[in-house]
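Now for the letters of each chain:
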Amino acid sequence: MNKVDTLIINIGQLVYFKEPIRKIDSNNTVILENAGIAIKNGKILDVGKSEYIKSKFMSENIIDAKNCLVTPGLVDMHTHALFDGSREDELEKKLSGIDYSEILKSGGGIFKTVEKTRKSSLEYLIEKLEKVLSKALYLGTTTIEVKSGYGLDFENEMKLLKVINILKEKYDVIPTLLAHIFPKESSKESYIDMFINQLLPNVARYNFAKYVDVFCDEGAFNLEQTKLIFKEALKYGFKLRMHADQLKYIGCSRLLNEFPIGSLDHLESSPPENLEMIAKSNASAGLLPASMLAMLDDKKPRVEYLKNKAIISLGTDYSPNSPMISMQTVLDLSIYYLHFRPIEALAYSTINSAYSLGLNDVGTIKVGGRADLIIWDLENINQLGYYWGYDRIKTLIYKGKIIRTQDN
Ligand SMILES: [Zn+2]
């Protein structure tokens, strides 16, 4: 018998997806009852019926799933998790109907975060981000994207990307360089000039980010500015993603016709024809239900143009405006606010989110893929979503190791 590091046996229902999902069907979706998994060196060695796994492999470390649901770990494809300070005072203002532009004028909003983050040391920011990443992992997020964007000058954007890269050793974190907003102290032209001539070459030289993201919207980067950054980013080999059509539609998602954008995120203000265009493309449509709710304006994307057609992915959009880090909650909100079925919500938060980040060894269960797995305190996929609003993880396995378990 083959000796392995870990065996998971007696899985009641194992649910995963073989490829990025547009529409769930029996070719791309696996629902296996009475299943087992063999793990070696942090990777999946074999998957099959529990009896088959038990007969083929032996291990000193056997996890009895006791007929529970098992899925891949969750993937958060969009966060702004690295910043200092908090802005709880703005919630009261938002609830009383004060506009974000008013909050900005009174010295609040993103500029408050930028001021605080610039003053923070590298060591302090490592500590701050690690707290968020460990919370995310505890709640089942085994891969997470983190953007820069609260430095807004060369030194501070580099500092933020350095922090994210240092934590890559411990967490599966994907760093993104974000053109977020223009700083107060310099002109738009000089910021774009710095972004293109200093940030892009240096971030490329140190291999500090895989993606360049632009917040293309009213009050942030306009179409021409976004194009300029994308054009230059491609020259350095960066992959592209975009905050598209969140606050107001100014044509941003149309840039998919001109650039190979991997993921267009937000889409709250996208016109139907643009959503149809995204659905026909190979780009991911990134939806962020927690941040939609945090805007308190009832605006949401017209998902009927995306459902069963687009490669929808889900993320938390954790930021100082909406510091909500649980992908379990995102999964719940996508069911109750965007009306996705539990199995769709799972696909969008696992394989599709991984696809949005250009990853193919996580977010799924396959031989040679990473052993990131959740044993849920649930019996089947439909219970995921039926029971909602709380942490439902029984055992979490990250890179083949048990991170937490209720079974003692
Ligand atoms: Zn965002």
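The structure presented is a predicted model; accordingly, all values stated were derived computationally and were not measured.

**A short note on the packing of helix 5 (residues 122-138) against helix 6 (residues 154-167)**
Here is step 1 of the chain: Running from amino to carboxyl end, helix 5 crosses helix 6 at an angle of 55°, the nearest separation of the two axes being 9 Å. Comparing the axis directions of helix 5 and helix 6 gives the class oblique. In the packing of helix 5 onto helix 6, the handedness of the crossing is right-handed. Between helix 5, through Leu122, Leu125, Ile126, Leu129, Glu130 and Leu133, and helix 6, the contact on the second element is made entirely by Lys159, Leu160, Lys162, Val163, Ile164, Ile166 and Leu167.
Here is step 2 of the chain: Of the residues belonging to the contact of helix 5 with helix 6, the class tally is 10 nonpolar, no polar and 3 charged.

**Digging into the coordination of the zinc ion**
The expected angle between donors at a tetrahedral four-coordinate metal is 109.5 degrees. At an octahedral six-coordinate metal it is 90 or 180 degrees.
Here is step 1 of the chain: Every protein donor of the zinc ion is listed here as His78 (NE2), His80 (NE2), His243 (NE2) and Asp317 (OD), and their distances to the metal cover 2.0 to 2.5 Å.
Here is step 2 of the chain: Around the zinc ion, the 4 donor atoms sit at angles spanning 83 to 171°, and that spread fits a shape best called irregular.
Here is step 3 of the chain: Sequence positions of the residues that donate to the zinc ion give the spacing H-x1-H-x162-H-x73-D. One end of the pair, His78, is in the loop between strand 8 (74-76) and helix 2 (89-95); the other, Asp317, is in the loop between strand 15 (311-314) and helix 11 (327-336), with 239 residues separating them in the sequence.

**Digging into the state of the cysteines**
Here is step 1 of the chain: Across all of its chains, the model carries 1 disulfide by this definition.
Here is step 2 of the chain: Shown here is the disulfide that connects Cys216 with Cys252, its sulfur atoms set 2.1 Å apart. Where Cys216 bonds to Cys252 through sulfur, the torsion about that S-S bond is close to -75°, and the disulfide is left-handed. Of this pair, Cys216 sits in strand 11 (residues 211-216) while Cys252 sits in the loop between strand 12 (239-244) and strand 13 (261-266), placing them 36 residues apart in sequence. Just as Cys216 is buried, Cys252 falls in that class too.

**A short note on helix 8 (residues 223-235)**
In an α-helix there are 3.6 residues to a turn, and that puts residues three or four apart on one side.
Here is step 1 of the chain: If you check helix 8, its first and last C-alpha atoms are 19 Å apart, about what 13 residues at 1.5 Å a residue would give, namely 18 Å.
Here is step 2 of the chain: For helix 8, the set of buried residues is Leu223, Gln225, Thr226, Ile229, Phe230, Glu232 and Ala233.
Here is step 3 of the chain: Check the buried side of helix 8 and you find it contacts strand 10 (173-179), helix 7 (188-205), strand 11, strand 12 and strand 13.
Here is step 4 of the chain: Of the residues flanking the start of helix 8, the one acting as N-cap is Asn222, its side-chain oxygen 3.1 Å from the backbone nitrogen of Glu224.
Here is step 5 of the chain: Trailing helix 8 by a residue or two, Gly237 shows a phi angle of about 85°, which is positive.

**So, the domain arrangement of the protein chain**
Here is step 1 of the chain: The domain architecture assigned to the protein chain consists of domain 1 (2-72 + 365-405) and domain 2 (75-356).
Here is step 2 of the chain: Using only C-alpha atoms to locate each centre, domain 1 and domain 2 end up separated by 30 Å.
Here is step 3 of the chain: Taking both sides of the interface into account, the surface hidden between domain 1 and domain 2 amounts to around 2600 Å²; carbon and sulfur atoms contribute 63%.
Here is step 4 of the chain: When the area that domain 1 buries against domain 2 is broken down by residue, the three leading residues are Phe17, Arg22 and Tyr398, summing to 26%.
Here is step 5 of the chain: Taken together, the connections running from domain 1 to domain 2 amount to 2 salt bridges.
Here is step 6 of the chain: At the level of elements, strand 2 (6-17), strand 3 (29-40), strand 7 (69-72), strand 16 (373-376), helix 14 (383-386), strand 17 (393-398) and strand 18 (401-405) are the ones that each hand at least two residues to the side of domain 1 that touches domain 2.
Here is step 7 of the chain: Of the residues contributing to the side of domain 1 that touches domain 2, the split by class is 19 nonpolar, 5 polar and 9 charged.

**With respect to the packing of aromatic side chains**
Here is step 1 of the chain: Per the counting criterion, the structure on display carries 10 aromatic pairs.
Here is step 2 of the chain: Taken together, a centroid distance of 4.9 Å and an interplanar angle of 85° make the contact between Phe340 and Tyr348 edge-to-face.
Here is step 3 of the chain: Assessed through its relative accessible area of 2%, Phe340 is described here as buried.
Here is step 4 of the chain: A residue is classified by how much of its surface remains accessible, and Tyr348, at 1% relative accessible area, is buried.
Here is step 5 of the chain: These aromatic residues form a ring-pair network of at least three members: Phe182, Tyr191, Phe195 and Phe221.
Here is step 6 of the chain: Above the face of the Tyr211 ring, Arg241 is positioned so that its terminal group lies 4.6 Å from the ring centre.
Here is step 7 of the chain: The residue whose ring lies beneath Lys300 is Tyr337, and the NZ or CZ to ring-centre distance is 4.3 Å.

**Focus on the sheet that holds strand 11**
Hydrogen bonding along the main chain pairs the strands of a sheet, whether they run parallel or antiparallel.
Here is step 1 of the chain: Across the sheet, which stays open at both edges, the 8 strands sit in the order 8-9-10-11-12-13-14-15 with parallel pairing between neighbours. The open sheet terminates on both sides in strands that have one partner only, identified here as strand 8 and strand 15. Neighbour-to-neighbour, the strand axes of the sheet open up by a mean angle of 25°, direction not taken into account.
Here is step 2 of the chain: Examined bridge by bridge, strand 8 and strand 9 (residues 141-147) share 3 bridges and lie parallel to one another.

**A closer look at the pattern of salt bridges**
Here is step 1 of the chain: A complete count under the given rule lists 23 salt bridges for this structure.
Here is step 2 of the chain: Residue Glu90 pairs with Arg87 through a salt bridge whose shortest N-O separation is 3.0 Å. The burial state of Glu90 is the same as that of Arg87; both residues are buried.
Here is step 3 of the chain: Note that Asp153 is salt-bridged to Arg118, the shortest N-O span being 3.7 Å. Remark: Arg118 occurs in helix 4 (residues 110-119) and Asp153 occurs in the loop between strand 9 and helix 6; sequence separation between them is 35 residues.
Here is step 4 of the chain: Linked by salt bridges that have partners in common, Glu145, Lys147, Asp213 and Arg241 make up one network.

The rules we used
- Residues numbered from 1 in each chain as written.
- Predicted model: local features only at pLDDT ≥ 70, side-chain atom pairs only at ≥ 80, totals over all residues.
- Heavy atoms only, no water.
- Axes fitted to C-alpha atoms, helices over the stretch in contact; angles between N-to-C directions.
- Helix = DSSP H or I, 4+ residues; strand = E, 2+ residues; numbered from the N terminus.
- Parallel < 35°, antiparallel > 145°, perpendicular 65-115°, else oblique.
- Left-handed = near helix turned anticlockwise from the far one by under 90°.
- Contact = heavy atoms within 4.5 Å.
- Nonpolar A, V, L, I, M, F, W, Y, C, P; charged D, E, K, R; others polar.
- Donors = N, O, S within 2.8 Å, 3.2 Å for Na, K, Ca; no water.
- Tetrahedral: all angles 85-135°; square planar, octahedral: opposite > 155°, others 65-115°.
- Disulfide = S-S within 2.5 Å.
- Buried < 20%, exposed > 50% of the residue type's maximum accessible area, 1.4 Å probe, protein only.
- Expected span 1.5 Å × (residues − 1).
- Polar contact = N/O pair within 3.5 Å; in protein donor to acceptor, adjacent residues only side chain to side chain.
- Domains from an automatic or database assignment.
- Buried area = accessible area lost by both parts, 1.4 Å probe.
- Salt bridge = Lys/Arg side-chain N within 4 Å of Asp/Glu carboxyl O.
- Phe/Tyr/Trp six-rings, centres within 6.5 Å; stacked < 30°, edge-to-face > 60°.
- Lys NZ or Arg CZ within 6 Å of the ring centre and 35° of its normal.
- Pairing = 2+ DSSP bridges.

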